[in-house]
Every structure is written in structure tokens, then in C-alpha cells.
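Structural overview
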Amino acid sequence: MNKDKIWLSSPHMGGNELTYIHEAFQQNWIAPLGPNVNGFEEDIKKYLQSDIHVAALSSGTAALHLALKLVGVERGDEVLCQSLTFAASANPIVYLGARPVFVDSEEDTLNISPVFLEEAIKDRIKKGRKPKAIIGVHLYGMPYKIDEVHEVAARYEIPIIEDSAEALGSSYKGQKCGTFGEFSILSFNGNKIITTSGGGALITRTQELKEKIVFLATQARDEAPHYQHSEIGYNYRLSNIAAGIGRGQMEILDAHVDKRREMNEFYKRLFSAVKEVKVLSEPENTYFCNHWLTVIIAEEGGAFNTEALRLYLEQENIESRPLWKPMHLQPVFKDASFYGNGVAAAAFKNGLCLPSGSNLGENERNRINAAINNFL
Ligand SMILES: *Cc1c(COP(=O)(O)O)cnc(C)c1O
């Protein structure tokens, strides 16, 4: 039996990445700017089929940092953030000296609950601290409840920053994730749906804002022959080499989304007879999920133990992983406020992410199938 490690989600090159990297070498564009950076931004803009502007940056975290800065978050402010997410969604709030206030998930998508979002907004306003921004996350590629969440945000006139780091290729009512927020971010880290080894993008509504982002991301250099600065800047631009990988990856993005969705179908069949296990899937056909990772949730208090499955798969050299541990349960955020009723905590306790890479084939599926059936 083939016992090579089966990863949760590993880089999957399309083939043309090296062509773009060679071009960069031939033209000596070994810099955090150049034709690949511009081309990659154009590719993303075309893919998102929307009137938006794209700035390629060094990471999704950097993109969130600049988005928060541009909506005006300052020292002492509060920002509402989905609790069930990766720490990178919340950390940039703290970089700016502001405080995160965490909001629970709802059951259908496991993303930010519009009900607790409104409760949190009302309570913070009552305390004299109207939140400056809301961070909603399309976790594991599943769009959050866009209509409901944006309706609440609009009612209180609070901007939404859309964390689409895991959701490139997903859409809601035919509109691509990454185009809904006042600002939206993407990530191209090593385990995401496409990768540039490391990288991200900040998506904005106007060309003027894009120019402001590029200005801040290249050390906020004023127009002058010498180096002159009237603002604090950052070194957050994407390298032209990494962007070359990105251009190759954009060519195969849709094919890789199809593969991830096939993995999700595979798990749905595999668990169809297991009553106490739910495979997270689109709540309605208005949702289209890239299924970056397939997530299973076991019934609370039932016989199925996801941690036992994780340990069993590990013995078979198959990687699986608990869901993101909610931010309001993290030691580093122990003093932060939280609004909710335990949905995120239960998902963390009873959930498991299964191998979902676009490079998993028949051979790997057979091994996963056999391992899970043996476990059952
Ligand atoms: C990966 C990720 C980020 C951060 O992106 P990086 O490019 O790794 O900085 C932010 N939010 C979520 C939900 C992510 O999964």
C-alpha cells in the first residue's frame, strides 16, 4: 500500500508558473513591482468580474492591516470580528492599537451570526463605543450570510471588511466572494486555494483608493527626487517573482475549484450513511462554495468522536485538523468581549477538516475511503 502522506491542502502548480518566473529573470524584474505584479492584478480583476481594483500585497494579513487603517481604525477603537476564524483575521486590529470584539457564528454557514452581530453593535453603542468596522469571514470558502450581515451593517453605517482569504472561487447569488466588502482581502499562502508561496491582495472600489494602498505599501514615499515622507508607510508589496507564480495559478483556479468540490462530494457520499455526522455544505443554491477544506461536524454528545478519527487518520499518514479555535477562547484574547451562544465553540469541539487538496486523486481517495470505513 502507498503510504505517502496525504496532506490537508498542499500547493498544486498548474505548469505555467515557471514561464512567468523565467520572464521575470530575463527582464531582470526581481523586485516588489513589475509586469507580473500588474498582470496578476489584472487576472484577479478579470476573474472577479466586478467593478473593483486590486492591489497585490505580501500577505492577506498585510491586506487586512491596510484595510483597517483605511476605514479609519485608530488606537482605542473597537472592531467587530467573527470569532471562528484564523488569528490573522483579528491580529491586525491589535497592530493598530484597537480592540477586537468577537461575534459568534450561526449554524448554516458557521460564519458571523447576523443576530449576534446586531446585538453586539447595539450593546457597544449603548456603552458609548460604536464599532469602527466589521470583519466577516467566508470560512473554508463558505460565503457568510451576505444579505443579512450587510443589511445589519448598513443599518448602523459600519463598513464591512470581507475576509475572503479562503474563498477565492466562491460566490453568492452569482457574485464572486472578494467583491462584497467596502474592502476585501485575499490570501495566497501555501495552503490556500491558489498560492504564490506567500502573498495576498486588497480589493477596493476605486482607482484612487488602490493608488493610496500601493503608496502605503511601498513606504509612503512622497513625490520627490529624494526620499521624502509625510506619513508612516509599510513594506507590503508583492514581489514580481511571487506574482509570476500567481499568474500561472490563476490559469488553473477554476479547474482546482472543481477538484475541491469533487472532494466535498466524495465526503458527502462517504458519510451519507452516518447519521450523526454532517458534511458542511451550501445551505441554499444561491451559495457556491469553493470547498477549500471539507468540514465535518459530529452531533453534540453523540457516539462519533472527531478527535478519535483524527488520531486514527494520523496513524494512516493522513492529515486532518480541528476547526479554527474561536478567537474568544484564545489565551491571547482572553480579555476581549464576546457576543454569542456557543455555536463557534461547539463547531470547534465537534468538527474536523479533512484532506481536500485539488491534487488528490483516485489513489488518495481510495486510501481515505478505506481508512474512514475501517474507523467506522
Ligand atoms: C490565511 C488567512 C488569512 C491570512 O492570510 P496570510 O496571507 O496568511 O497572511 C486571513 N484570514 C483567514 C481566514 C485566513 O485563512
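Here is what the cut-offs are and how they apply
Residues numbered from 1 in each chain as written. Predicted model: local features only at pLDDT ≥ 70, side-chain atom pairs only at ≥ 80, totals over all residues. Heavy atoms only, no water. Domains from an automatic or database assignment. Contact = heavy atoms within 4.5 Å. Buried area = accessible area lost by both parts, 1.4 Å probe. Axes fitted to C-alpha atoms, helices over the stretch in contact; angles between N-to-C directions. Helix = DSSP H or I, 4+ residues; strand = E, 2+ residues; numbered from the N terminus. Parallel < 35°, antiparallel > 145°, perpendicular 65-115°, else oblique. Left-handed = near helix turned anticlockwise from the far one by under 90°. Nonpolar A, V, L, I, M, F, W, Y, C, P; charged D, E, K, R; others polar. Buried < 20%, exposed > 50% of the residue type's maximum accessible area, 1.4 Å probe, protein only. Arc of directions from axis to C-beta. Pairing = 2+ DSSP bridges. Near = heavy atom within 4 Å. Polar contact = N/O pair within 3.5 Å; in protein donor to acceptor, adjacent residues only side chain to side chain. Phe/Tyr/Trp six-rings, centres within 6.5 Å; stacked < 30°, edge-to-face > 60°. Lys NZ or Arg CZ within 6 Å of the ring centre and 35° of its normal.

On to the domain arrangement of the chain, then. Note on interface size: it is often stated as the accessible area lost on association of the parts. What the domain assignment reports for the chain is domain 1 (17–252) and domain 2 (254–375). Taking the mean C-alpha position of each, domain 1 and domain 2 sit 25 Å from one another. Facing the 44 residues of domain 1 at the interface are 38 residues of domain 2. When the two sides are added together, the surface that domain 1 and domain 2 hide from each other amounts to roughly 3,700 Å², 63% of it contributed by carbon and sulfur.

Right, let's get into the packing of helix α8 (residues 240–270) against helix α11 (residues 362–375). Closest axis-to-axis distance for the α8/α11 pair is 11 Å, and the angle between their directions is 25 degrees. As the angle between them shows, α8 and α11 are arranged roughly parallel. Helix-helix and strand crossings are classified by hand; for α8 and α11 the assignment is right-handed. Packed against α8, whose contacting residues are Glu-262, Met-263, Phe-266, Tyr-267 and Leu-270, the element α11 presents Arg-365, Ile-368, Asn-369, Ile-372 and Asn-373 at the interface. Across the contact of α8 with α11, the residue classes break down as 6 nonpolar, 2 polar and 2 charged.

For helix α10 (residues 343–350), the set of buried residues is Val-343, Ala-344, Ala-347 and Asn-350. End-on view of α10: buried residues confined to an arc of 145 degrees, all on one side of the axis. As for α10, its buried residues are in contact with β12 (294–298), α9 (306–315) and β14 (351–354).

Across the sheet, 8 strands lie side by side as β1-β9-β8-β5-β4-β2-β3-β13; this open sheet has mixed pairing. Whereas interior strands pair on both sides, the edge strands pair on one side only; in this sheet they are β1 (53–57) and β13 (338–339). The strands touched by helix α2 (residues 35–48) are β1, β8 (183–187) and β9 (200–204); relative to β1, the strand with the most contacts, the crossing angle is about 135 degrees.

A word on the environment of Cys-177. Looking at the secondary structure, you find Cys-177 in the loop between β7 (175–176) and β8. In contact with Cys-177, other than residues within four places in its own chain, are Leu-48, His-138, Pro-143, Glu-162, Ser-164, Ala-167, Ser-170 and Ser-171.

Thr-61, Asp-163, Glu-166, Ser-187 and Lys-192 are the nearest of the 15 residues found near the ligand. A distance of 2.8 Å is found between a nitrogen atom of the ligand and a side-chain nitrogen or oxygen belonging to Asp-163. One of the backbone nitrogen or oxygen atoms of Gly-199 is found 3.5 Å away from an oxygen atom of the ligand. In terms of residue class, the shell around the ligand is made up of 4 nonpolar, 8 polar and 3 charged.

Counted under the stated rule, the structure contains 11 aromatic pairs. Here the aromatic rings of Tyr-172 and Tyr-287 are separated by 5.0 Å at their centres, their planes lie at 70 degrees, and the arrangement is edge-to-face. In this pair, Tyr-172 is assigned in strand β6 (residues 171–172) and Tyr-287 in strand β11 (residues 287–288), connecting sequence segments 115 residues apart. The exposure classification of Tyr-172 matches that of Tyr-287, with both residues buried. Put simply, the rings of Phe-271, Phe-304, Tyr-312 and Phe-375 touch in pairs and so form one group of aromatic residues. Above the plane of the ring of Trp-7 lies Lys-5, whose end atom (NZ or CZ) is 4.9 Å from the centre.

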